[in-house]
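Read off the chains here:
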Amino acid sequence: MERKDPRQIQAELAMPFAPEDLEWRLQRTFEYQGETKGIAVPYVTNRAIMGRLDDVVGPENWYNDFKPWHGANGKEAQLCGISIRYGEGFITKWDGAEDSDIEPVKGGLSDSMKRAAVQWGIGRVLYNMDVVFVEVEKRGKTWIIKKDQQEQMDCAYRKMLGKLGLTPAPAGGLRPQPESAPDGQRPDAGQEKPGDTSSGKAADKSAGKPGKDSISYIVRKARINKGINSSSTQLRLESSKGDRLDAFVRGEHPELAAGIVLVDVKLEKRQQDTVVYYMLEKFKVADIQPQAA
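Residues numbered from 1 in each chain as written. Predicted model: local features only at pLDDT ≥ 70, side-chain atom pairs only at ≥ 80, totals over all residues. Heavy atoms only, no water.

Undergrad: Run through the overall build of the protein chain, naming residues and quoting values.
TA: In terms of regular secondary structure, the protein chain is built from five helices and 12 strands. Expressed as a percentage of its 293 residues, the buried residues of the protein chain come to 42%. Sequence-distant contacts in the protein chain: of pairs separated by 6 or more residues, those separated by 24 or more amount to 56%. By element, 48% of the accessible surface of the protein chain is carried by carbon and sulfur atoms, the whole surface being about 16,600 Å². (Helix = DSSP H or I, 4+ residues; strand = E, 2+ residues; numbered from the N terminus. Buried < 20%, exposed > 50% of the residue type's maximum accessible area, 1.4 Å probe, protein only. Contact = heavy atoms within 4.5 Å. Areas by Shrake-Rupley, 256 points an atom, 1.4 Å probe, with all protein chains shown as cover.)

See the structure below:
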């Protein structure tokens, strides 16, 4: 990939996304003339963020990292750092988000990555959006945006870009899509980046199938996250092949300290947008000493 100067990278990262690369969320509802209305706000999807980074700096020149954090009022949160190579080193910018009420960890990981991307200018133009009013409907105990409001929201976004004299990039990223690819889908979507240790794809193949006298996983880092209604234990695991992945266990497990060896491991892969993590559903603590990290 051609070497780009920092200003060029900044400009390309900040390019507006196509409407297809945005998701809209209901920010709040209100009563107007006896009816419930809503205010919608746009966000860039994690898939589009990863595609933009791949296109601008190359998949080998960026990576992300996640750390648990203590949010306000005792609510747990997740921090995401997005690192981009400049010259011989990497520069990292961080931001965070509280765990959501539904699928707490997944929501925190996904939202923290979106906010970290804004630190790099990705999707920052969305802060210029005017208030977008939408029709809503009740689903169970929750209000949601009606499906027929999509065109209205997309039009509001295009109108905002027009006022700023901006043109959105093609859907799916800056790189033109081949005709054989489905609309709005990147050909390399879902593939691992070289050097990416967050998904643990290779390690997952051997999960729960340790050979004779073999080490399945070593706990490299462990942290207990205490929430208001539930707790979890966050782990950084390393397989006998050296592959690393992040995993969570429901509940508090002080026995899972750094250096502990786990065998008979069962991992379940979870995903929120393009953020991948694992749940440790089954394991045994081996009575052996691991090699030094």
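Next comes the rest of the description.
Undergrad: How would you sum up the sheet that holds strand S5 (residues 89–98)? Please name residues and give values.
TA: Overall, antiparallel pairing links the three strands, which are arranged S3-S4-S5 in an open sheet. Since the sheet does not close on itself, it has two edges, and those belong to strand S3 (62–70) and S5, each with one partner. Each adjacent strand pair in this sheet contributes to an overall mean axis angle of 20°, direction not counted. Here S3 runs beside strand S4 (residues 76–86); their pairing, made up of nine bridges, is antiparallel. Directly across from Trp69, in S4, lies its bridge partner Ala77. In this fold helix H2 (residues 46–57) packs onto S3 and S4, with an angle of close to 140° to the strand it touches most, S3. (Pairing = 2+ DSSP bridges. Axes fitted to C-alpha atoms, helices over the stretch in contact; angles between N-to-C directions.)

Undergrad: I'd love a proper account of helix H1 (residues 6–13), names of residues and values included.
TA: Taken residue by residue, H1 has Ile9, Glu12 and Leu13 as its buried positions. Taken end-on, H1 shows its buried residues confined to a sector of 100°, consistent with a single buried face. Against the buried residues of H1 lie H2 and S4. Sitting at the head of H1, Asp5 places a side-chain oxygen 3.0 Å from the backbone nitrogen of Arg7. (Arc of directions from axis to C-beta. Polar contact = N/O pair within 3.5 Å; in protein donor to acceptor, adjacent residues only side chain to side chain.)

Undergrad: Before we move on, can you summarise the nonpolar core with the specific residues and values?
TA: Soluble, globular proteins show a tendency: their nonpolar side chains are buried together. By size, the foremost hydrophobic cluster in this structure holds 38 residues, and its most contacted members are Trp24, Ile82 and Tyr157. Take this core: its biggest share by element is six residues, from H2. Not counting chain neighbours up to four residues away, the residues in contact with Tyr157 comprise Pro16, Phe17, Ala18, Pro19, Leu22, Trp24, Leu126 and Met129. Core analysis: the second largest hydrophobic core is formed by 13 residues, Tyr217, Leu237, Leu256 and Val265 among them. (Core = buried A, V, L, I, M, F, W, Y, C linked by side-chain atoms within 4.5 Å.)

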